[in-house]
Amino acid sequence: MKSCVITKPFQYEIRDVPIPEPRKGEVQIKMMAAGVCGSDLHIYRGENPCSRYPLIPGHENVGVISKVGENVAKLKVGDHVVVDLIITCGRCYQCTHGRENVCEHVLVRGSGTDGGWREYFTAPESDVYPIDPKLDWKDAALIEPLAIGEHCTKRGRVTAEDTVFILGTGTIGTIIAQACKMKGAKVICCDIDDASLERAKLFGADDTVNSKKEDMAGRVQEITGG
């Protein structure tokens, strides 16, 4: 199979390597799509202190189950799946208290260990989730960023009574705006790029502010009636 490997900052190779076989409790995934996150660009430029080279990037990974290992019970060949970006120990204080995202021994696929920019890879069944086969692969690759929007608005206890101000309307900011709108909140999006703000409007923002051209605090006061 082919694998994209960053060998050092600003240098990568497409390598021919053996297809990995699933071990006990693992599945083999034929990759169908993978997102390119801003953090992948940081890794390419050597700006991520947690990354070591050579490294296969890619943490927004979706594909089809192509093989299953021994003792795999819930997934089968042909299932469309999304892969969790983190590998956790399951034993530390954080893991045993529902905070696996800050596991004391966490590894991030595509950052702290090899990710999905390859034709096949393997993962424990517990890290792999089935998705609707009708979902386009390019859309399915956004499930991981979508989870960020849901997670942060849940942690922030956003409700329908809230007005939420979102500073920055890139992919994550726009997804957070969507999550807020799904909870019924009023959303004000702020950025310095008009095209980004127009996209935020398409995804449901009630008001937008270009802080490069407008007085941000003054506009918020105007929008919220003080």
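(A) How the structure looks around the overall build of the protein chain. A count of helices and strands for the protein chain gives six helices and twelve strands. Classification of the 226 residues of the protein chain by burial places 39% in the buried group. In the protein chain, 59% of the contacts between residues at least 6 apart in sequence involve partners at least 24 apart. Of the roughly 12800 Å² of accessible surface on the protein chain, 54% is carried by carbon and sulfur atoms. On the protein chain, the mean spot of the 28 positive side-chain charges and the mean spot of the 32 negative ones are 3 Å from each other.

(B) Highlighting unusual backbone geometry. The step from Tyr53 to Pro54 runs through a cis peptide bond, and the omega angle for that step is 0 degrees. Relative to the elements of secondary structure, Pro54 occurs in the loop between helix 1 (38–44) and strand 4 (61–68). Of note, the phi angle at Asn71 is positive, near 70 degrees, even though the residue is not glycine. When its relative accessible area of 53% is taken as the criterion, Asn71 is described as exposed.

(C) Here's a closer look at the layout of surface pockets. Approximately 1000 Å³ is the volume found for the largest pocket. If you go around the largest pocket, you meet 35 residues; those closest to its centre are Asp84, Leu85, Ile86, Glu144 and Ala147. Sorting the residues of the lining of the largest pocket by element identifies strand 5 (80–83), strand 6 (86–87), helix 3 (143–155) and helix 4 (171–182) as the ones contributing at least two each. Of all the elements, helix 3 adds the most residues to the lining of the largest pocket, at eight residues.

(D) Highlighting the sheet that holds strand 12 (residues 207–210). A sheet is described by the order of its strands in space; here three strands give the open sequence 10-11-12, paired in parallel fashion. For this open sheet the edge positions go to strand 10 (163–167) and strand 12, each flanked by a neighbour on one side alone. Each neighbouring strand pair of the sheet contributes to a mean axis angle of 20 degrees, computed without reference to strand direction. Bridge analysis of strand 11 (residues 186–191) against strand 12 gives four bridges, and the strand direction is parallel. Its bridge partner being in strand 12, Ile188 is matched across the sheet by Asp207. Against the sheet, helix 4 contacts strand 10 and strand 11, and its axis sits at roughly 170 degrees relative to strand 11. This element, helix 6 (residues 216–224), spans strand 10, strand 11 and strand 12 of the sheet and lies at about 165 degrees to strand 12.

(E) Up close: a nonpolar patch on the surface. There is a patch of nonpolar side chains on the surface, built from Phe165, Leu167 and Met216 and spanning about 280 Å² of accessible area. The class for Phe165 is partly exposed, based on a relative accessible area of 35%.

(F) Structural detail: the packing of aromatic side chains. Per the stated rule, a full pass over the model turns up one aromatic pair. Pairing Phe10 with Tyr44 gives two aromatic rings, centres 5.6 Å apart and planes at 65 degrees, and the pair type is edge-to-face. Residue Phe10 is found in the loop between strand 1 (2–8) and strand 2 (11–16), and its partner Tyr44 is found in helix 1; the two are separated by 34 residues along the sequence. On the basis of relative accessible area, Phe10 is assigned to the exposed category, the value being 52%.

(G) Quick look at helix 4. For helix 4, built from twelve residues, the straight-helix expectation of 16 Å at 1.5 Å per residue is met to within 8% by its first-to-last C-alpha distance of 17 Å. Residues of helix 4 that are buried include every one of Gly173, Thr174, Ile175, Ile176, Ala177, Ala179 and Cys180, and no others. Residues of helix 4 that are buried make contact with helix 3, strand 10, strand 11 and helix 5 (194–202). Immediately downstream of helix 4, the backbone of Gly184 shows phi near 90 degrees, a positive value.

(H) Local environment of the pattern of salt bridges. Scanning the model with the defined rule gives 15 salt bridges in all. Linking Lys2 and Asp16 is a salt bridge whose minimum nitrogen-to-oxygen distance equals 3.0 Å. Residue Lys2 is located in strand 1, and its partner Asp16 is located in strand 2; the two are separated by 14 residues in the primary sequence. Where Asp139 meets Lys138, a salt bridge forms, and the shortest distance between an N and an O atom there is 3.6 Å. Accessibility expressed as a relative area gives 37% for Asp139, which makes it partly exposed. Shared partners join several salt bridges into a network, and the residues in it are Glu214, Arg219 and Glu222.

Parameters at a glance
- Residues numbered from 1 in each chain as written.
- Predicted model: local features only at pLDDT ≥ 70, side-chain atom pairs only at ≥ 80, totals over all residues.
- Heavy atoms only, no water.
- Helix = DSSP H or I, 4+ residues; strand = E, 2+ residues; numbered from the N terminus.
- Buried < 20%, exposed > 50% of the residue type's maximum accessible area, 1.4 Å probe, protein only.
- Contact = heavy atoms within 4.5 Å.
- Areas by Shrake-Rupley, 256 points an atom, 1.4 Å probe, with all protein chains shown as cover.
- Lys, Arg positive; Asp, Glu negative; His and termini not counted.
- Charge placed at Lys NZ, Arg CZ, Asp CG, Glu CD.
- 1 Å grid on protein atoms, 1.4 Å probe; cavity = no way out; pocket = protein on both sides within 12 Å on 5 of 7 lines; lining within 4 Å.
- Points joined across faces, edges and corners; volume = space filled by probe spheres on them.
- Pairing = 2+ DSSP bridges.
- Axes fitted to C-alpha atoms, helices over the stretch in contact; angles between N-to-C directions.
- Patch = residues over 30% accessible without salt bridge, like charges linked within 9 Å, V, L, I, M, F, W, Y side chains within 5 Å.
- Salt bridge = Lys/Arg side-chain N within 4 Å of Asp/Glu carboxyl O.
- Phe/Tyr/Trp six-rings, centres within 6.5 Å; stacked < 30°, edge-to-face > 60°.
- Expected span 1.5 Å × (residues − 1).

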